[in-house]
Amino acid sequence: MPVYNVEKYVEKSIKSVLNQTMKDFELIIVNDGSTDNSGDICEKYASIDNRIRYFVKENRGVSAARNFAIKKSTNSQYITFIDSDDWIEFDFYEKVMKYINDNDLDVCITGYIIEEGKRSFINLKKKKSSIMNSSEALIEIFKSRYYTGTLCDTFFKKNILLELSLVERLRYHEDFLFKVECINNSNKIGYFPLYKYHYLMRSTSASHTFSRKNLDVLYRRTSNQREFLKALQTAASEGCTF
């Protein structure tokens, strides 16, 4: 959980994680140089729940905070992310981990609900759960029909993340690039549309759709360029534009 000046939201976010029906996890909170009371709130919960590991760093952005948290992860087999202004439903982790273990997945995508003012809605199509290989999952992420490039609705096998890192110099779409690279390095990807992650849409919220200007960066970073291009061409042939 990267934290930066979210004193209005972070307590709800932390409590939604601590109140999960699945109790065996670690919550790594990285205070990315907050100048409001966010740090005090984080310290309060870290002092009363030993599942929280709390770190304070100078402000370098959300990607640097996420990269730092990945490296600090200890005994976890899987890693997921939560933004400090979002929240999750109480049985989210338990249900996802059961699906992951039942199907021996490398990556699991669960979908998210957008919270905007008084509205709660899903802006994507829905379909039944499915298991995909990396090529199939890449095609769907480029189409953005059922899921997008956001990281927070996705669970990753830890050993895949340790070989990669988010591009810290990018201001936008760094999560999309990272998710595509993770999928490209995976064998078995699950789509499990629970929609139990609540994404707070604010004026500062970034878009999760793909930007063509980052295509060259993504292509250079990917370890399997042939599969990447194949998926891109298939998506384009089915009406996806870049």
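Residues numbered from 1 in each chain as written. Predicted model: local features only at pLDDT ≥ 70, side-chain atom pairs only at ≥ 80, totals over all residues. Heavy atoms only, no water.

1. Some remarks on the overall build of the protein
Here comes step 1: Across its full length, the protein holds nine helices and twelve strands.
Here comes step 2: Looking at the 242 residues of the protein, the share that counts as buried comes to 56%.
Here comes step 3: The long-range share in the protein, meaning contacts at least 24 apart out of those at least 6 apart in sequence, stands at 80%.
Here comes step 4: Summed over its atoms, the accessible surface of the protein is roughly 11,800 Å², and 46% of this surface lies on carbon and sulfur atoms. (Helix = DSSP H or I, 4+ residues; strand = E, 2+ residues; numbered from the N terminus. Buried < 20%, exposed > 50% of the residue type's maximum accessible area, 1.4 Å probe, protein only. Contact = heavy atoms within 4.5 Å. Areas by Shrake-Rupley, 256 points an atom, 1.4 Å probe, with all protein chains shown as cover.)

2. Some remarks on the packing of helix α1 (residues 10-18) against helix α2 (residues 38-48)
Here comes step 1: One can describe the packing of α1 onto α2 by two numbers: an axis separation of 10 Å at closest approach and a directional angle of 20°. What the angle tells us is that α1 and α2 run roughly parallel. As for the relative orientation of α1 and α2, their crossing is right-handed in sense. Residues V10, E11, I14, K15 and L18 of α1 form the contact with α2, whose participating residues are I41, C42, K44 and Y45.
Here comes step 2: Each residue belonging to the contact of α1 with α2 can be placed in one class, and the counts come to six nonpolar, no polar and three charged. (Axes fitted to C-alpha atoms, helices over the stretch in contact; angles between N-to-C directions. Parallel < 35°, antiparallel > 145°, perpendicular 65-115°, else oblique. Left-handed = near helix turned anticlockwise from the far one by under 90°. Nonpolar A, V, L, I, M, F, W, Y, C, P; charged D, E, K, R; others polar.)

3. Quick look at the sheet that holds strand β2 (residues 27-32)
Here comes step 1: Taken together, the three strands give an open sheet; going across it, the order is β1-β2-β3, and neighbouring strands pair in parallel fashion. Unpaired on one side and paired on the other, β1 (2-3) and β3 (52-57) mark the two borders of the sheet.
Here comes step 2: Pairing geometry for β2 and β3, over six bridges, is parallel. If you follow N31 over to β3, its bridge partner there is V56.
Here comes step 3: Each of β1, β2 and β3 is contacted by α1, which is oriented at about 165° to β2, the strand it contacts most.
Here comes step 4: The strands that helix α3 (residues 62-72) touches are β1, β2 and β3; relative to β2, the one it contacts most, it runs at about 145°. (Pairing = 2+ DSSP bridges.)

4. Examining the packing of aromatic side chains
Here comes step 1: Under the defined criterion, the tally for this structure stands at twelve aromatic pairs.
Here comes step 2: When the centroid spacing of 6.2 Å and the interplanar angle of 50° are considered together, the rings of Y146 and Y191 count as tilted. Taken together, the positions of Y146 in the loop between α5 (134-143) and β10 (154-157) and Y191 in strand β11 (residues 189-191) put the pair 45 residues apart, joining distant regions of the chain. One exposure class covers both Y146 and Y191, and it is buried.
Here comes step 3: Ring centres of Y147 and Y191 lie 6.0 Å apart, and the angle between their planes is 35°; this geometry places the pair in the tilted category. Taken together, the residues span a long stretch of sequence, with Y147 in the loop between α5 and β10 and Y191 in strand β11 at a distance of 44 residues.
Here comes step 4: Judged by its relative accessible area of 1%, Y147 is buried. (Phe/Tyr/Trp six-rings, centres within 6.5 Å; stacked < 30°, edge-to-face > 60°.)

5. Considering the sheet that holds strand β12 (residues 197-200)
Here comes step 1: The strand order β5-β12-β7-β8 describes an open sheet built from four strands, whose pairing is mixed. If you trace the sheet from one side to the other, it starts and ends with β5 (87-88) and β8 (119-121), each paired once.

6. Some words on the pattern of salt bridges
Here comes step 1: A complete count under the given rule lists twelve salt bridges for this structure.
Here comes step 2: A salt bridge links K95 to D91; the shortest N-O distance between them is 4.0 Å.
Here comes step 3: K95 gets classed as partly exposed once you look at its relative accessible area, which sits at 37%.
Here comes step 4: Residue classification places D91 among the buried residues on the basis of a relative accessible area of 11%. (Salt bridge = Lys/Arg side-chain N within 4 Å of Asp/Glu carboxyl O.)

7. Some words on helix α7 (residues 174-184)
Here comes step 1: The element α7 is extensively covered by neighbouring structure, given that eleven of its eleven residues are classed as buried.
Here comes step 2: Those residues of α7 that fall on the buried side of the exposure criterion are E174, D175, F176, L177, F178, K179, V180, E181, C182, I183 and N184.

8. Focus on the environment of K127
Here comes step 1: For K127, the position within the fold is in the loop between β8 and β9 (130-132).
Here comes step 2: Its relative accessible area of 30% is what places K127 among the partly exposed residues.
Here comes step 3: Once the C-alpha coordinates of K127 and R145 are considered, the two residues, 18 residues apart in sequence, prove to be 9.9 Å apart.
Here comes step 4: If sequence neighbours within four positions are ignored, K127 has contacts with Y146, Y191 and P193.

9. Concerning the packing of α5 against α7
Here comes step 1: Viewed as axis vectors pointing N to C, α5 and α7 meet at an angle of 160°, and their least axial separation amounts to 9 Å. Comparing the axis directions of α5 and α7 gives the class roughly antiparallel. Contacts from S134, A137, L138, I141 and F142 of α5 reach α7 at F176, K179, V180, I183 and N184.

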